[in-house]
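Chains, contacts and geometry: an overview
Listed below are the residues making up each chain.
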Amino acid sequence: GGYLALVKPDGQTVVHEYGPTYPLQTANISYGLPMDSTSVELVSPGDTARVLIPSDDTLDHTWRHVDYNDSAWVSGSTGVGFGSLYSDLTSFNIKSAMDGVNDAAYIRIPFTGDASASWYSLRLKMKYADGFIAYLNGFEIARRNAPPIPQWNSSASSLHPYTQVTIYEDIDVSQYLH
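A count of helices and strands for the chain gives one helix and 11 strands. The N-to-C order of helical and strand elements in the chain reads β-β-β-β-β-β-α-β-β-β-β-β. Here the C-alpha radius of gyration of the chain, 23 Å, is well above what a compact globule of 178 residues would show, namely 16 Å. Projected onto its principal axes, the C-alpha positions of the chain cover 75 × 35 × 30 Å. Within the span of the chain, comprising 178 residues, buried residues form 22% of the whole. At a minimum sequence separation of 6, the contacts of the chain that also span at least 24 residues come to 58%. Total accessible area computed for the chain in this model is approximately 12,700 Å², and 53% of it derives from carbon and sulfur atoms. Across the chain, 10 positive and 19 negative side-chain charges occur, with their mean positions spaced 2 Å apart.

What follows is about the pattern of salt bridges. Two side chains that carry opposite charge are able to pair once their charged atoms sit near each other. This model, assessed by the stated rule, comprises seven salt bridges. For aspartate 170, the salt bridge is made with arginine 123, and the minimal N-O distance between the two is 2.9 Å. Separated by 47 residues along the polypeptide, aspartate 170 in strand β11 (residues 169-172) and arginine 123 in strand β8 (residues 123-126) bring together distant segments of the chain. Residue classification places arginine 123 among the partly exposed positions, given a relative accessible area of 43%. One salt bridge connects glutamate 169 with arginine 144, and the closest N-O pair in it is separated by 2.7 Å. Placement of glutamate 169 in strand β11 and of arginine 144 in strand β10 (residues 139-144) is noted, with a sequence separation of 25 residues between them. Arginine 144 gets classed as partly exposed once you look at its relative accessible area, which sits at 27%. Via salt bridges that share partners, Arg50, Asp70 and Arg108 belong to a single interconnected network.

What follows is about unusual backbone geometry. A cis amide bond links threonine 78 to the next residue, glycine 79, at an omega of -5°. With respect to the element layout, glycine 79 can be found in the loop between β4 (74-77) and β5 (80-81). A positive phi angle, close to 45°, is found at aspartate 60, a residue other than glycine. With respect to the secondary-structure elements, aspartate 60 resides in the loop between β3 (48-52) and β4. Phi at asparagine 137 is positive, roughly 50°, even though this residue is not glycine.

Turning our eyes to something else, we now look at the nonpolar core. In terms of nonpolar packing, the biggest core is built from 10 residues, these being Leu122, Leu124, Tyr128, Phe132, Ala134, Leu136, Ile141, Ala142, Ile171 and Val173. Counting residues per element, the ones that place at least two in this core are β9 (132-136) and β10. At three residues, β9 tops the list of elements feeding residues into this core. For leucine 136, the residues in contact, after removing those within four places along its chain, are Phe111, Leu122, Ile141 and Tyr176. The next biggest cluster of nonpolar side chains, apart from the first, holds five residues, and it includes Ile53, Phe92, Ile94 and Met98.

Let us now look at the environment of valine 165. Looking at the secondary structure, you find valine 165 in the loop between β10 and β11. When its relative accessible area of 4% is taken as the criterion, valine 165 is described as buried. Each C-alpha atom, one on valine 165 and one on alanine 129, is 5.3 Å from the other, the two residues being 36 residues apart in sequence. Among residues more than four places away in sequence, those in contact with valine 165 are Tyr86, Leu89, Lys127, Tyr128, Ala129 and His160.

All right, on to the pairing of β10 then. Where β9 meets β10, five bridges bridge the pair, whose relative direction is antiparallel. Opposite phenylalanine 132, over in β10, you have arginine 144 as the bridge partner. Where β9 folds back on β10, the antiparallel hairpin that results is connected by two residues, among which asparagine 137 adopts a positive phi of roughly 50°.

Conventions adopted
- Residues numbered from 1 in each chain as written.
- Predicted model: local features only at pLDDT ≥ 70, side-chain atom pairs only at ≥ 80, totals over all residues.
- Heavy atoms only, no water.
- Helix = DSSP H or I, 4+ residues; strand = E, 2+ residues; numbered from the N terminus.
- Rg over C-alpha atoms; globule rule 2.2 N^0.38 Å.
- Buried < 20%, exposed > 50% of the residue type's maximum accessible area, 1.4 Å probe, protein only.
- Contact = heavy atoms within 4.5 Å.
- Areas by Shrake-Rupley, 256 points an atom, 1.4 Å probe, with all protein chains shown as cover.
- Lys, Arg positive; Asp, Glu negative; His and termini not counted.
- Charge placed at Lys NZ, Arg CZ, Asp CG, Glu CD.
- Salt bridge = Lys/Arg side-chain N within 4 Å of Asp/Glu carboxyl O.
- Core = buried A, V, L, I, M, F, W, Y, C linked by side-chain atoms within 4.5 Å.
- Pairing = 2+ DSSP bridges.

Here it is, written out as structure tokens:
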């Protein structure tokens, strides 16, 4: 117990107070003011995705650039996937395009965020069966089950556990807010 207040630098003006006494504290539990924040979903299920199944390495890394023209790529809705095992999660099935061509797919999902907003965190939420590498504005921000040096025809280095495929993995990519 006791008096606790948040006071402005003038030493007089109380911004917030717990009084006359603040609540009983619990060991290893933080206590404070709730923060006002909102979550903004930048990519939603069903948003437009463009896909290319590369047949050679002619694109190199150019397809990752923000200004790359992907208008010739096949267009569909997110979630992009292959096969029928997870058909309830897949709006855009690319199995027939991949069969006999490549184990890899290039997927571009355009989105914008309000540049004037005060962004404090950025999270990537993924459901995946094999592996992926995620890029934001051309820079790698996350990877799972991907080879150390990916090529145009790389395969996943391992499978994601079957019990986790239908659950979003929440990946903090806040260090890439810039």
